[in-house]
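Survey of secondary and tertiary structure
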Amino acid sequence: MAFIITIDGPSGAGKGTVSAKLAHELGFALLDSGALYRLTGLAARLNQCNFSDSAALGEVARSLDVEFCSTEAGVTIYLSGQDVSQAIRTEQAGMDASAVAAVPVVREALLQRQRDFAKAPGVVADGRDMGSTVFPDAQLKVFLTASAEERARRRLAQLQDANTGESFDYDKILQDIEARDKQDSERSSSPLQAASDAVMLDSSDKSIAEVLADILSLYRSRC
Ligand SMILES: Nc1ncnc2c1ncn2[C@@H]1O[C@H](COP(=O)(O)OP(=O)(O)O)[C@@H](O)[C@H]1O
Ligand SMILES: Nc1ccn([C@@H]2O[C@H](COP(=O)(O)OP(=O)(O)O)[C@@H](O)[C@H]2O)c(=O)n1
């Protein structure tokens, strides 16, 4: 049987960072569900899809040819054989992901692909609807948040650290984060919201190590 830990929450709350560390610590699989929406957005752009054509977007999601390869340096993601690990992390790719994620047929097309990650001994699933829709019976559900300002500061530092030569503006990043929060929370299909049995964790004033310790202690109390 697989022990399922879901970590949901808004952009920049620290889900991806903490989920990867947690999966490593516990020897669990890692599901980065956001990557699947980012890949769908990117594939739709590459196929010059009309973003208001739901049926076409659904077809793109259904036929995604994706491979996740874990190495010591992290996860490399291939779309139709091309390494797109960097290309899916831009702010534009995040906005595109949020747009395609609001389309019900896209969500439906990606559902089973996500559930297939649940294998013994367990999985850490990072996203927006992991606890509410994809794994409603998960043994531990966490809803990780932080203030929008703190999340924008983190995202700015992350983008600057990536050293792409681009310049970034805090106000624009804050605006994008707030726009994505709004779009993700207000959509009708699997909106961003805490499952009723999720533990709320605010990371605004906590270090990554503190958040990890909090979740590990919740895990130990439940297994
Ligand atoms: N508790 C924290 N304190 C400070 N920085 C953090 C914290 N959690 C995550 N970060 C940093 O914030 C950035 C965004 O984190 P990430 O895990 O990508 O968030 P999410 O997956 O929720 O969008 C990363 O650079 C990460 O190192
Ligand atoms: N389970 C999920 C995961 C992501 N998404 C969408 O995909 C977008 C990108 O997700 P992400 O987790 O990669 O984004 P960040 O939180 O890392 O910025 C989000 O803004 C959501 O719109 C979703 O709808 N459901």
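Our subject is the structure listed above.
Rules of the game
Residues numbered from 1 in each chain as written. Chains lettered and ligands numbered in written order. Predicted model: local features only at pLDDT ≥ 70, side-chain atom pairs only at ≥ 80, totals over all residues. Heavy atoms only, no water. Near = heavy atom within 4 Å. Polar contact = N/O pair within 3.5 Å; in protein donor to acceptor, adjacent residues only side chain to side chain. Areas by Shrake-Rupley, 256 points an atom, 1.4 Å probe, with all protein chains shown as cover. Helix = DSSP H or I, 4+ residues; strand = E, 2+ residues; numbered from the N terminus. Nonpolar A, V, L, I, M, F, W, Y, C, P; charged D, E, K, R; others polar. Pairing = 2+ DSSP bridges. Axes fitted to C-alpha atoms, helices over the stretch in contact; angles between N-to-C directions. Contact = heavy atoms within 4.5 Å. Salt bridge = Lys/Arg side-chain N within 4 Å of Asp/Glu carboxyl O. Buried < 20%, exposed > 50% of the residue type's maximum accessible area, 1.4 Å probe, protein only.

**Quick look at the site of ligand 2**
Lining the immediate surroundings of ligand 2 are 18 residues, of which S11, R38, R107, R180 and D184 lie closest. Within the contact set of ligand 2, an oxygen atom lies 2.8 Å away from a side-chain nitrogen or oxygen of R155. Within the contact set of ligand 2, an oxygen atom lies 2.9 Å away from a side-chain nitrogen or oxygen of R187. Taken by itself ligand 2 offers 530 Å² of open surface, and the protein chains cover 95% of this. Those elements giving two or more residues to the shell around ligand 2 turn out to be α2 (33-46), α4 (91-101) and α8 (170-186). Of the residues assigned to the shell around ligand 2, the class counts are 4 nonpolar, 5 polar and 9 charged.

**Focus on the site of ligand 1**
For ligand 1, the set of nearby residues contains 14 residues, the closest of which are G12, K15, G16, T17 and K206. Separating an oxygen atom of ligand 1 from a backbone N or O atom of G16 is a distance of 2.8 Å. A distance of 2.5 Å is found between an oxygen atom of ligand 1 and a side-chain nitrogen or oxygen belonging to T17. Calculation on ligand 1 without its partners gives an accessible area of 570 Å², and the protein chains cover 79% of this total. Those elements giving two or more residues to the shell around ligand 1 turn out to be α1 (15-26) and α7 (148-161). Taken together, the residues of the shell around ligand 1 break down into 3 nonpolar, 7 polar and 4 charged.

**Observations concerning the environment of A55**
Inspection of the secondary structure puts A55 in helix α3 (residues 54-62). On a C-alpha basis, the gap between A55 and S147 in space is 36 Å, while along the polypeptide they are 92 residues apart.

**Quick look at the sheet that holds strand β7 (residues 140-145)**
Reading across the sheet, the 5 strands line up as β2-β6-β1-β7-β8 and stay open at both edges, with parallel pairing between neighbours. Strand pairing shows two members of the sheet lacking a second neighbour, β2 (29-32) and β8 (199-202), which therefore form its edges. Each strand of the sheet is rotated relative to its neighbour by a mean of 20°, with strand direction disregarded. Taken together, the 4 bridges between β2 and strand β6 (residues 122-127) define a ladder with parallel strand orientation. In the sheet register, L31 faces β6, and the bridge partner there is A125. Taken strand by strand, α1 contacts β1 (3-8), β2, β6 and β7, and its axis lies near 175° from that of β6. Of the strands in this sheet, β1, β7 and β8 touch helix α9 (residues 208-222), which is tilted by about 160° from β7.

**Points about the pattern of salt bridges**
When the charged atoms of two side chains with opposite charge come close together, those side chains can pair. For the structure shown, the criterion picks out 13 salt bridges. Residue E59 is joined to R62 by a salt bridge in which the shortest nitrogen-to-oxygen separation is 3.4 Å. Highlighted residues: E59 and R62, both in helix α3, separated by 3 residues, approximately one helical turn. We classify E59 as partly exposed; its relative accessible area is 42%. R128 is the salt-bridge partner of D184, the closest N and O atoms lying 3.4 Å from each other. With D184 in helix α8 and R128 in the loop between β6 and α6 (130-134), this residue pair connects regions lying 56 residues apart in the sequence.

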